[in-house]
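Overview (structure and organization)
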Amino acid sequence: MAFHALLTPEGRTVAANLPSWPLQPRRDLLFIEADAFADGVEIDHTALVRDIRLPNGARLLVGRDVEELINEGEILRTAAVWILGVTLLLGLGGGWLMSRAIGRRIEALTVTVRQVMEGDLTGRVHVRGTADDFDRLGETLNMMLHRIQTLFQAVQRVSDNAAHELRTPLARLIGRLEALEHLAPDASPARLAAGDAIVEANRLQQILSALMRISRLENGRHPLHLQRTDVVQLLEDLFEFYQPEAERIGTNLIVSARRPLVADLDLDLVFQALSNLLDNALKHAGAGCRVEISAMREAGGWS
């Protein structure tokens, strides 16, 4: 729809279909509300008008109805706001879903690594078969874990076989030392040396037996033989076993524990472990030092 208004230099209206216009001429484009009524209904119109000054001083205002363009602009602005909001929502939602999916894959890797760190070398990373980066990483980790497990099992087999192979010659050595001890005269240096050698050989035999038991425990081939044990009596047995050695080197060995202290233990393994600790303590303590064997129950366990 076209709009116009022709004014004389004195400002009188010659012809116009615009309802109003500025009193003073304007050089720039301006918007004028040009609403109309039809059958008692108001029809919105907005005119984009150019105000032209004619050579004789008259004013000519001409324009076009831009109401539809304004409405379409408002629709476009509203749509842009909605599009921006939906895009932001989709971006945040997609980012959250992606981070959650990645977090689950990383958590699966973490669980497997922790499982291996705790000693279970059978742990493997679950591979989905999607051939993505996480699957390739999981396959690489699985190959590495399989290799580590294979090498660890090989080392265990070697140590187990070595312990088995050493038992027979060690038993023969103990037998010959005992025969030598019986043949040597009483209180002779040879008899005393043979006795000391028998003690060390028996201790070595106990260590080999403990290593074999530990290897079987790690492989699940040797169940723990738990039995109700008086912990104080166990420490007193250790004291009696190592007291002669402590007196020989001039170390003060004492036991600090009070009954009742009872626990379910594999007596052989615990005795061997404590014997190794006490043996190392006596070796490094030296004369005049104090080595204390103690036990007490705490909230988190034993100490």
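Everything discussed here concerns the structure shown above.
Now for a look at the structure at hand. (Residues numbered from 1 in each chain as written. Predicted model: local features only at pLDDT ≥ 70, side-chain atom pairs only at ≥ 80, totals over all residues. Heavy atoms only, no water.)

Across its full length, the protein chain holds five helices and 13 strands. Computed over its C-alpha atoms, the radius of gyration of the protein chain comes to 49 Å, more than 25% above the 19 Å expected for a compact globule of 303 residues. Judged by the C-alpha coordinates and their principal axes, the protein chain covers about 155 × 45 × 40 Å. Scored against the burial criterion, the 303 residues of the protein chain give a buried share of 25%. Sequence separation of 24 or more characterises 57% of the internal contacts of the protein chain that already satisfy a separation of 6 or more. For the protein chain, the accessible surface area stands at approximately 20,900 Å², while carbon and sulfur atoms represent 60% of it. Both charge centroids of the protein chain, one from 32 positive and one from 40 negative side chains, sit 4 Å from each other. (Helix = DSSP H or I, 4+ residues; strand = E, 2+ residues; numbered from the N terminus. Rg over C-alpha atoms; globule rule 2.2 N^0.38 Å. Buried < 20%, exposed > 50% of the residue type's maximum accessible area, 1.4 Å probe, protein only. Contact = heavy atoms within 4.5 Å. Areas by Shrake-Rupley, 256 points an atom, 1.4 Å probe, with all protein chains shown as cover. Lys, Arg positive; Asp, Glu negative; His and termini not counted. Charge placed at Lys NZ, Arg CZ, Asp CG, Glu CD.)

With that out of the way, let us pick up the layout of surface pockets. Rolled over the atoms, a probe sized like a water molecule indicates the empty space that remains. Taken as a whole, the largest pocket spans an internal volume of roughly 240 Å³. Residue lining of the largest pocket: Asp196, Val199, Glu200, Arg203, Phe241, Tyr242, Pro244, Glu245 and Arg248, and that is the complete set. Elements represented by at least two residues in the lining of the largest pocket include exactly helix H3 (189-219) and helix H4 (231-249). Considering every element that reaches the lining of the largest pocket, the biggest residue donor is H4, with five residues. For the lining of the largest pocket, the class distribution of residues is four nonpolar, no polar and five charged. (1 Å grid on protein atoms, 1.4 Å probe; cavity = no way out; pocket = protein on both sides within 12 Å on 5 of 7 lines; lining within 4 Å. Points joined across faces, edges and corners; volume = space filled by probe spheres on them. Nonpolar A, V, L, I, M, F, W, Y, C, P; charged D, E, K, R; others polar.)

This part covers empty space enclosed by the protein. Under the criterion given, the structure shown has one cavity of 30 Å³ or more. Taken as a whole, the largest cavity holds about 40 Å³ of empty space. Forming the boundary of the largest cavity are Arg105, Ala108, Leu109, Val125, His126, Phe134 and Gly138. Among the elements that make up the lining of the largest cavity, the one with the highest residue count is helix H1 (residues 67-117) (three residues). Among the residues forming the lining of the largest cavity, the class breakdown is four nonpolar, two polar and one charged.

Looking now at the packing of H4 against helix H5 (residues 267-285). The interhelical angle for the contact between H4 and H5, taken along N-to-C directions, is 25 degrees, at an axis separation of 11 Å. It follows from the interaxial angle that H4 and H5 lie roughly parallel. Between H4 and H5 lies a crossing whose hand is right-handed. Mapping the contact onto sequence places Leu234, Leu235, Asp237, Leu238, Tyr242, Glu245, Ala246 and Ile249 in H4 and Leu267, Val270, Phe271, Leu274, Ser275, Leu278, Asp279 and Leu282 in H5. The residue makeup of the contact of H4 with H5, split by class, is twelve nonpolar, one polar and three charged. (Axes fitted to C-alpha atoms, helices over the stretch in contact; angles between N-to-C directions. Parallel < 35°, antiparallel > 145°, perpendicular 65-115°, else oblique. Left-handed = near helix turned anticlockwise from the far one by under 90°.)

Our next topic: the nonpolar core. One finds Val231, Tyr242, Leu253, Leu278, Leu282 and Val291 to be the most contacted residues of the largest nonpolar core, which totals 17 residues. Of all elements in the fold, only H4, strand E10 (262-266), H5 and strand E11 (290-294) reach the threshold of two or more residues within this core. Broken down by element, the residue count for this core peaks at seven residues, all from H4. Of all hydrophobic cores here, the second largest spans ten residues; its members include Ala5, Ala47, Val49 and Leu61. (Core = buried A, V, L, I, M, F, W, Y, C linked by side-chain atoms within 4.5 Å.)

On to the pairing of strand E6 (residues 46-53), then. When a strand is regular, its side chains alternate between the sheet's two faces. Where strand E3 (residues 30-33) meets E6, four bridges bridge the pair, whose relative direction is antiparallel. Bridging across to E6, Leu30 finds its partner in Val49. Looking at chain direction, E6 and strand E7 (residues 59-65) are connected through seven bridges and run antiparallel. Each bridged residue has a counterpart across the sheet, and for Ile52 the counterpart in E7 is Leu60. Linking E6 to E7, which pair antiparallel, is a turn of five residues; within it Gly57 sits at a positive phi near 95 degrees. (Pairing = 2+ DSSP bridges.)

Here a ring pair, both rings aromatic, is described through the centre-centre distance and the interplanar angle of the planes. Across all of its chains, the model carries one aromatic pair by this definition. A ring pair is formed by Phe241 and Tyr242, whose centres lie 5.1 Å apart and whose planes are at 75 degrees; its orientation type is edge-to-face. Taking relative accessible area as the criterion, Tyr242 reaches 2% and is therefore assigned buried. (Phe/Tyr/Trp six-rings, centres within 6.5 Å; stacked < 30°, edge-to-face > 60°.)

The grouping of Trp82, Val86 and Leu90 at the surface amounts to a nonpolar patch, some 370 Å² of accessible area in total. Within the secondary structure, Val86 sits in helix H1. (Patch = residues over 30% accessible without salt bridge, like charges linked within 9 Å, V, L, I, M, F, W, Y side chains within 5 Å. Salt bridge = Lys/Arg side-chain N within 4 Å of Asp/Glu carboxyl O.)

In this section: the pattern of salt bridges. All chains considered together, the criterion is met by five salt bridges. For the salt bridge of Asp135 with Arg105, the shortest nitrogen-to-oxygen distance reads 2.9 Å. Note that Asp135 is positioned in helix H2 (residues 133-183) and Arg105 in helix H1, a separation of 30 residues in sequence. What makes Arg105 buried here is its relative accessible area of 11%. Because the salt bridges share partners, they merge into one network encompassing Arg105, Asp132 and Asp135.

So yeah, pure geometry; function would need other evidence.
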